[in-house]
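Chains, contacts and geometry: an overview
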Amino acid sequence: MKQKLLWILLTALPLTLIGCGSSSGAGAVFSDDDYGKVTLCDYKNLSAEKNIYTVTDNDIESEIEMLMYDYAEYNESDGPSELGDSITADITAAKNGEILFEYTGEDNYELYLGSDEFGTEFDEKLTGVSVGDELSFSISYDDDYTLTDFAGSTIDYTVSVLSITKETLPELTEDFIINTLGYESEDDMRKEIRAGLESENETNSTNELRETLIQKVIDGSIFDSYSQDIYDSYAAGIEENYESYAEMFGCESVEEVYDLFEITDADIEKEIINQVYRTIIVHAISEAENLTLSDKEYEEGLERYTAETGYETSDELLEYYGEDSLREWILEDKVLDFLEKNAKITEKEAVLNTEEI
């Protein structure tokens, strides 16, 4: 779903299919001025592995813990602070005498002890402090530290603790499970949580498989040309995406975001081209296999994505994304259905990396 959401955020493309593919399967040629020209690989005989994720007892415990956070109580404390507490503080970070950033109480900046936002050692320095404490300390960061301005450098901090908030989770009693969480029993709660996680795992597994399949088609096909209009649309959409990231991470420019996450111009170009090729492939296969959308399929897809994206009505979804983009999205799903149905799939046990979801 992540890839799909990225696609729909990038741009809205018009749908005008005037292709002239000669045959289905390997060697089929699709040429359309609105999209581009491609010679397709053998997309009907793809091979791929499908990851099978097993729900563990630890997964269920983690889900219960997350559920409990919805009922947490937060109370002010004078200290001493502990891991899990939130601290509001004046914080200044400097490198070689030059200030990198400065937060004050007026910024309402909260630091969650245990988040490792500025590294484990930083959180350790602020564990055990009380309101009113003032600290000065230095931390030397490894060369591969996430924040590029900090990597391989010694950062000098001054911190003035303004407030401490302690988080208290409720006790998981039978009364809480039945009367607050609404389950019939603890066993019923765990069964429902397991079923929900199994459903999520199957969705993640299927989405990964479908992304693998379409990427195989992209990598195996030969692209002779592509529409500059589509390229420009994706380039503008990706630029807009990273501008929103810049605002999110407090960066003054998109270039700062690129530096922060070590993204190169080549990475951006690859991202744009892959999205362009993906669009061409979708229309090439849909034409070769006559995978047009019926009114019923469009309405069903619209209803499905309204629910998945959290909109209350399909009208709201349409207003935000536009009918052309939604038709493109639903058409792509139909092509992915076709690829999955015709692929040779083997299953393997795997561990889910939740950070990528």
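Residues numbered from 1 in each chain as written. Predicted model: local features only at pLDDT ≥ 70, side-chain atom pairs only at ≥ 80, totals over all residues. Heavy atoms only, no water.

1. With respect to the overall build of the protein chain
Scanning the protein chain from N- to C-terminus turns up 11 helices and 11 strands. Taking the principal axes of its C-alpha atoms as reference, the protein chain extends roughly 75 × 60 × 40 Å. Residues counted as buried form 38% of the 357 residues belonging to the protein chain. Excluding contacts between residues fewer than 6 apart, the proportion of contacts in the protein chain whose partners are at least 24 apart in sequence is 71%. Surface accessibility of the protein chain: about 19,900 Å² in total, with carbon and sulfur atoms responsible for 44%. In the protein chain, 22 positive and 88 negative side-chain charges are present, and the distance between their average locations comes to 13 Å. (Helix = DSSP H or I, 4+ residues; strand = E, 2+ residues; numbered from the N terminus. Buried < 20%, exposed > 50% of the residue type's maximum accessible area, 1.4 Å probe, protein only. Contact = heavy atoms within 4.5 Å. Areas by Shrake-Rupley, 256 points an atom, 1.4 Å probe, with all protein chains shown as cover. Lys, Arg positive; Asp, Glu negative; His and termini not counted. Charge placed at Lys NZ, Arg CZ, Asp CG, Glu CD.)

2. A few points about the pattern of salt bridges
Charged atoms that come close allow side chains of opposite charge to pair. By the definition in use, this model includes 17 salt bridges. Between Lys166 and Glu82 there is a salt bridge, and its shortest N-O distance comes to 3.2 Å. Pair noted here: Lys166 is in strand S9 (residues 154–168) and Glu82 is in the loop between strand S4 (73–77) and strand S5 (86–95), with a separation of 84 residues, a long-range link. Via salt bridges that share partners, Arg210, Arg304, Asp333, Asp337 and Glu340 belong to a single interconnected network. (Salt bridge = Lys/Arg side-chain N within 4 Å of Asp/Glu carboxyl O.)

3. A closer look at the packing of helix H5 (residues 186–220) against helix H11 (residues 323–342)
One way to put it is that H5 packs onto H11 with a least axis distance of 10 Å and a crossing angle of 90°. Taken together, the axis directions place H5 and H11 in an arrangement best described as roughly perpendicular. Together, Thr206, Leu209, Arg210, Leu213, Ile214 and Val217 of H5 and Asp333, Leu336, Asp337, Leu339 and Glu340 of H11 make up the contact between the two elements. The residue makeup of the contact of H5 with H11, split by class, is six nonpolar, one polar and four charged. (Axes fitted to C-alpha atoms, helices over the stretch in contact; angles between N-to-C directions. Parallel < 35°, antiparallel > 145°, perpendicular 65-115°, else oblique. Nonpolar A, V, L, I, M, F, W, Y, C, P; charged D, E, K, R; others polar.)

4. Here we look at helix H9 (residues 295–309)
Between its terminal C-alpha atoms H9 stretches 21 Å, which fits the 21 Å expected from 15 residues at 1.5 Å a residue. By the burial criterion, the buried members of H9 are Tyr298, Gly301, Leu302, Tyr305 and Thr306. Down the axis, H9 shows its buried residues gathered within 135° of arc, on one side only. What points out from H9, more than 90 degrees from its buried face, is the exposed set Lys296, Glu303 and Ala307. At its buried positions, H9 is contacted by helix H10 (314–321) and H11. At the exit of H9 stands Gly310, carrying a positive phi of roughly 85°. (Expected span 1.5 Å × (residues − 1). Arc of directions from axis to C-beta.)

5. Things to note about the side chain of Arg210
By the element assignment, Arg210 lies in helix H5. There is a polar contact of 3.0 Å between the side chain of Arg210 and the side chain of Glu340. Ignoring any residue separated from it by four or fewer positions in sequence, one finds Arg210 in contact with Asp333, Leu336, Asp337 and Glu340. (Polar contact = N/O pair within 3.5 Å; in protein donor to acceptor, adjacent residues only side chain to side chain.)

6. Describing the pairing of strand S1 (residues 29–32)
The alternating pattern of S1 places Phe30 and Asp32 on a buried face, while none of Val29 and Ser31, on the opposite face, is buried. Summarising the sheet, S1 and strand S2 (residues 36–39) pair through four bridges and their orientation is antiparallel. The residue of S2 that forms the bridge with Ser31 is Lys37. (Pairing = 2+ DSSP bridges.)

7. Section: the packing of helix H6 (residues 228–248) against helix H8 (residues 265–288)
Look at H6 against H8: their axes get within 9 Å of each other, and the N-to-C directions meet at 130°. It follows from the interaxial angle that H6 and H8 lie oblique. Two packed elements cross with a definite hand, and for H6 against H8 that hand is right-handed. Of the residues in H8, those touching H6 at Ile230, Tyr231, Tyr234, Ala235, Ile238 and Tyr242 are Ile268, Glu269, Glu271, Ile272, Ile273, Gln275, Val276 and Thr279. (Left-handed = near helix turned anticlockwise from the far one by under 90°.)

8. Concerning a nonpolar patch on the surface
Taken together, the side chains of Met248, Phe249 and Phe261 make up a nonpolar region of the molecular surface, amounting to roughly 330 Å² of accessible area. Within the secondary structure layout, Phe261 lies in the loop between helix H7 (254–260) and H8. You can call Phe261 partly exposed: its relative accessible area is 41%. (Patch = residues over 30% accessible without salt bridge, like charges linked within 9 Å, V, L, I, M, F, W, Y side chains within 5 Å.)

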